Amino acid sequence: MANRIIAITDIHGEIDKLNSLLDKLAIQPDDTIVFMGDYIDRGPDAKGVIDKVIAMGEVCKCVYLKGSHEYAYLKAREGERYYTHLFWTYGGVQTAESYGNFENIYKVHGEFLDNLLPYYMTDDYLFIHAGIRPQVPFNAQDERDFYYIRGEFIYKKHNLPQKIIFGHTDFKEPQVQADKICIDTGCGKYPDAVLTALILPEERFVHS
Ligand SMILES: [Mn+2]
């Protein structure tokens, strides 16, 4: 049987839901976990979430993608006013609190945040935080679409041979289409929302 690839996205500081999900998944050394971004913001323990996903790298192969919230955080740190507004408006207060203050975020996890990948592509799948712009060749994409695109991607077919696994736009249940699967189930946004993992290639969902 093929080794498992496990996709997890949009944890948003919800360390208890992440720990519960990882327990249920019973991660094995030959698994690969693809974390698809939005580790931080809204939920209470962004620092704990990043500590945990880094620690999982000792258990199995882990791939760490950048989400819209990490993108906004990094731009805010560079002083860009628009992203500073986004960061503080959409849950950054909780993130700064979990590290003690804004400056500590980079002191503690700057190396991790600087090294996040924009996407992860295999023969069969493209893992990406938000999606791509359909009809635009992959090598001509605007990187911001990887983190922010919504309806223009979700409700259109794309031309890549890979199935696209993504998050960013939350739904009550995972959204399974022929060419894409969304696994953001609102963790961190709603108190009763679960964190969802997708196990590939079998396409089975596990919830926190
Ligand atoms: Mn998100």
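Nothing here was measured: the structure is a model prediction, and the numbers come from that model.

## Here we look at the pattern of salt bridges
Part 1: Applying the stated criterion across every chain yields a total of 10 salt bridges.
Part 2: Among the salt bridges present, the one from glutamate 203 reaches lysine 163, with a minimum N-O distance of 2.7 Å. With a gap of 40 residues between them, glutamate 203 in the loop between strand 9 (196–200) and strand 10 (204–207) and lysine 163 in strand 6 (residues 163–166) connect regions that are remote in the sequence.
Part 3: Overlapping salt bridges, with partners in common, bring together Arg133, Asp145 and Glu152 in one network.

## Re the coordination of the manganese ion
Part 1: With distances of 2.0 to 2.3 Å, the protein atoms coordinating the manganese ion are Asp10 (OD), His12 (NE2) and Asp38 (OD).
Part 2: Spacing between the donor residues of the manganese ion along the chain follows D-x1-H-x25-D. Placement of aspartate 10 in the loop between strand 1 (5–8) and helix 1 (15–25) and of aspartate 38 in the loop between strand 2 (32–35) and helix 2 (46–56) is noted, with a sequence separation of 28 residues between them.
Part 3: Classification of aspartate 38 by relative accessible area gives buried; the value is 1%.

## Side note on the sheet that holds strand 10
Part 1: What the five strands build is an open sheet, ordered 3-2-1-9-10; its pairing is mixed. Lying at the two open borders of the sheet, with one neighbouring strand each, are strand 3 (61–64) and strand 10. Averaged over all pairs of adjacent strands, the angle between their axes in this sheet comes to 20 degrees, without regard to strand direction.
Part 2: Note that strand 9 and strand 10 share four bridges and pair antiparallel. Residue leucine 198 lies in a different strand from strand 10, and its bridge partner there is phenylalanine 205.
Part 3: With respect to the sheet, helix 1 is in contact with strand 1, strand 2, strand 9 and strand 10, its orientation differing from that of strand 10 by roughly 135 degrees.

## Thoughts on the nonpolar core
Part 1: Ranked by size, the top nonpolar core spans 36 residues in total, and within it Ile8, Ile11, Leu18, Leu25, Ile33, Phe35 and Tyr39 carry the most contacts.
Part 2: Those elements that provide at least two residues to this core are strand 1, helix 1, strand 2, helix 2, strand 3, helix 3 (68–77), helix 6 (102–114) and strand 9.
Part 3: Once you skip the residues sitting within four places of it in the chain, tyrosine 39 turns out to touch Ile11, His12, Gly13, Ala46, Val49, Ile50, Val53, Tyr64, Leu65, Glu70, Phe112 and Leu116.
Part 4: If you look at the next biggest cluster of nonpolar residues, it comprises 18 residues, including Tyr71, Ala72, Ile132 and Ile164.

## Observations concerning the packing of aromatic side chains
Part 1: Overall, the coordinates contain 19 aromatic pairs when judged by the stated rule.
Part 2: Between the aromatic rings of phenylalanine 35 and tyrosine 64, the centroid separation amounts to 5.8 Å while the plane-to-plane angle is 5 degrees, which identifies the pairing as stacked. Residue phenylalanine 35 is located in strand 2, and its partner tyrosine 64 is located in strand 3; the two are separated by 29 residues in the primary sequence. Here phenylalanine 35 matches tyrosine 64 in class, with each residue buried.
Part 3: Both rings, one in tyrosine 119 and one in phenylalanine 146, keep their centres 5.7 Å apart while their planes meet at 80 degrees; by these two values the pair is edge-to-face. Residue tyrosine 119 is found in strand 4 (residues 119–121), and its partner phenylalanine 146 is found in helix 7 (residues 143–148); the two are separated by 27 residues along the sequence.
Part 4: We classify tyrosine 119 as partly exposed; its relative accessible area is 30%.
Part 5: Within the aromatic cluster, the residues linked to one another by ring pairs are Tyr71, Tyr82, Tyr83, Tyr119, Phe138, Phe146, Tyr147 and Tyr148.
Part 6: Positioned above the aromatic ring of tyrosine 106 is the side chain of arginine 77, whose terminal nitrogen or guanidinium carbon lies 3.4 Å from the ring centre.
Part 7: Above the face of the phenylalanine 153 ring, lysine 180 is positioned so that its terminal group lies 5.1 Å from the ring centre.

Calculation rules
Residues numbered from 1 in each chain as written. Predicted model: local features only at pLDDT ≥ 70, side-chain atom pairs only at ≥ 80, totals over all residues. Heavy atoms only, no water. Salt bridge = Lys/Arg side-chain N within 4 Å of Asp/Glu carboxyl O. Helix = DSSP H or I, 4+ residues; strand = E, 2+ residues; numbered from the N terminus. Donors = N, O, S within 2.8 Å, 3.2 Å for Na, K, Ca; no water. Buried < 20%, exposed > 50% of the residue type's maximum accessible area, 1.4 Å probe, protein only. Pairing = 2+ DSSP bridges. Axes fitted to C-alpha atoms, helices over the stretch in contact; angles between N-to-C directions. Contact = heavy atoms within 4.5 Å. Core = buried A, V, L, I, M, F, W, Y, C linked by side-chain atoms within 4.5 Å. Phe/Tyr/Trp six-rings, centres within 6.5 Å; stacked < 30°, edge-to-face > 60°. Lys NZ or Arg CZ within 6 Å of the ring centre and 35° of its normal.

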